[in-house]
Amino acid sequence: MRKFSEDEMWELVGYIKVSQTRYLTLKTLDSDFLMPSEIAKSTGLRTTQISNALRDLKERDLVICLNESARKGRIYQNTPLAMEILKRIDK
């Protein structure tokens, strides 16, 4: 994992805080690995919202897909960077 500057970290904090969907997705993955449908069920959001959030979060190295080649049943997990961002938000 690359080292992020303080400015970059705070930029990511703002990026997560501005979207309830992204925040709830990360929060739900806090200590687990889940499929988008499981995240949607837990948060009460639509699966399409979760899938879009996961795509955005993955582009910013905040989540990883553990079985990328699967067409169905993809499993996601937070990265250490996401865990650090959540710590800052939930202080």
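Rules behind the numbers
Residues numbered from 1 in each chain as written. Predicted model: local features only at pLDDT ≥ 70, side-chain atom pairs only at ≥ 80, totals over all residues. Heavy atoms only, no water. Salt bridge = Lys/Arg side-chain N within 4 Å of Asp/Glu carboxyl O. Helix = DSSP H or I, 4+ residues; strand = E, 2+ residues; numbered from the N terminus. Buried < 20%, exposed > 50% of the residue type's maximum accessible area, 1.4 Å probe, protein only. Pairing = 2+ DSSP bridges. Expected span 1.5 Å × (residues − 1). Arc of directions from axis to C-beta. Contact = heavy atoms within 4.5 Å.

Counted by the stated rule, this structure contains six salt bridges. A salt bridge links Glu-6 to Arg-88; the nearest nitrogen and oxygen atoms lie 3.0 Å apart. Remark: Arg-88 occurs in helix H5 (residues 80-89) and Glu-6 occurs in helix H1 (residues 6-17); sequence separation between them is 82 residues. For Glu-6, a relative accessible area of 45% puts it in the partly exposed group. Given a relative accessible area of 17%, Arg-88 falls into the buried group.

Here the focus is the sheet that holds strand S1 (residues 33-34). A sheet is described by the order of its strands in space; here three strands give the open sequence S1-S3-S2, paired in antiparallel fashion. Lying at the two open borders of the sheet, with one neighbouring strand each, are S1 and strand S2 (63-65). Pairing of S2 with strand S3 (residues 76-78) involves three bridges; the strand directions are antiparallel. Bridge pairing links Ile-64 to Gln-77 in S3.

Its 13 residues give helix H4 (residues 47-59) an end-to-end C-alpha distance of 18 Å, which sits within 8% of 18 Å, the value for a rise of 1.5 Å per residue. Restricting attention to buried positions, one finds in H4 the residues Ile-50, Ala-53, Leu-54 and Leu-57. Seen end-on, H4 carries its buried residues on one side only, within an arc spanning 105 degrees. Facing away from the buried side of H4, by more than 90 degrees, are the exposed residues Thr-48 and Glu-59. Considering only its buried residues, H4 is in contact with H1, helix H2 (20-28), helix H3 (36-43), S2 and S3.

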